[in-house]
Amino acid sequence: MGSILLATDGSEYARKAADRAIDLAEEHESPLHVICVVDRQKFDDPALSSAELATIYAEDHAVVSVNEVTQMADGRDIVVEGETRHGVPHETILEYADEVDADVIVVGEHGDHEEHFSGVGKKVASTYDRDVVVVTAEP
């Protein structure tokens, strides 16, 4: 198996997906790439406007989300590389998957904005021509 891509938003669902992605990476001795996308549909690039603080918060949250996965994998025998990007989430995730030649994308069943992220996961799963693992919430 080649590289694994985890799409995270820092939610509890994403943490469960991170656990699964870390286990997969270790099991297959694969590099783990992590991406968190700042949704440009909700948060534009920072500018001198009232939305600037919300965008800055979203960017900071993205960095924290990626760093959290790196910390979760600390002490495990895997290489973790993280990215934060602005864009339309499913499109940006797929672009990054192509860049890192990911064989598998791991996503959580839901995210911080449940209906939004689950829609992202569905779009990724229906569009990507390789494996997509959707980690479901425990009952």
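Let us look at the structure shown here.

Rules used in this analysis
Residues numbered from 1 in each chain as written. Predicted model: local features only at pLDDT ≥ 70, side-chain atom pairs only at ≥ 80, totals over all residues. Heavy atoms only, no water. Helix = DSSP H or I, 4+ residues; strand = E, 2+ residues; numbered from the N terminus. Salt bridge = Lys/Arg side-chain N within 4 Å of Asp/Glu carboxyl O. Buried < 20%, exposed > 50% of the residue type's maximum accessible area, 1.4 Å probe, protein only. Pairing = 2+ DSSP bridges. Core = buried A, V, L, I, M, F, W, Y, C linked by side-chain atoms within 4.5 Å. Contact = heavy atoms within 4.5 Å. Axes fitted to C-alpha atoms, helices over the stretch in contact; angles between N-to-C directions. Parallel < 35°, antiparallel > 145°, perpendicular 65-115°, else oblique. Left-handed = near helix turned anticlockwise from the far one by under 90°.

Turning next to unusual backbone geometry. Positive phi outside glycine occurs at Glu 29, with the angle close to 50°. With respect to the helices, strands and loops of the structure, Glu 29 is situated in the loop between helix 1 (12-28) and strand 2 (32-39).

It is worth spelling out the pattern of salt bridges at this point. What the rule picks out here adds up to 8 salt bridges. A salt bridge links Arg 85 to Glu 99; the shortest N-O distance between them is 2.8 Å. Taken together, the positions of Arg 85 in strand 3 (residues 80-87) and Glu 99 in helix 3 (residues 89-99) put the pair 14 residues apart, joining distant regions of the chain. Residue classification places Glu 99 among the exposed positions, given a relative accessible area of 52%. With a shortest N-O distance of 2.9 Å, Asp 101 and Arg 130 are connected by a salt bridge. Note that Asp 101 is positioned in the loop between helix 3 and strand 4 (102-108) and Arg 130 in the loop between helix 4 (114-127) and strand 5 (131-135), a separation of 29 residues in sequence. By relative accessible area, which is 45% here, Asp 101 ends up partly exposed. Overall, Arg 130 belongs to the partly exposed group, its relative accessible area being 30%. Among the charged side chains, a salt-bridge network with shared partners connects Glu 12, Arg 15 and Glu 68.

Attention shifts here to the pairing of strand 1 (residues 3-7). Along strand 1, 5 of the 5 residues are buried, which leaves the element largely enclosed by surrounding structure. What you see with strand 1 is no split at all: Ser 3, Leu 5 and Ala 7 on one side and Ile 4 and Leu 6 on the other are buried throughout. Sheet topology note: the strand 1/strand 2 ladder contains 4 bridges and is parallel. Residue pairing across strands places Leu 6 opposite Val 34, the latter belonging to strand 2.

Ranked by internal contacts, the top residues of the largest apolar core, which has 21 residues, are Ile 4, Leu 6, Leu 32, Val 69 and Val 106. Sorting the residues of this core by element identifies strand 1, helix 1, strand 2, helix 2 (52-72) and strand 4 as the ones contributing at least two each. A total of 6 residues in this core trace back to one element, the largest contributor, which is helix 1. Excluding its chain neighbours within four sequence positions, the residues that come into contact with Ile 4 are Ala 21, Leu 24, Ala 25, Ser 30, Pro 31, Leu 32, His 33, Val 104 and Val 106.

Contact pair helix 1 / helix 2: the axes reach a minimum separation of 10 Å and the direction vectors enclose 45°. One element, helix 1, and the other, helix 2, form an angle in the oblique class. The hand of the helix 1/helix 2 crossing is right-handed. For the pair helix 1 and helix 2, the contacting residues are Arg 15, Ala 18, Asp 19 and Ile 22 in the first and Glu 68, Val 69 and Met 72 in the second.

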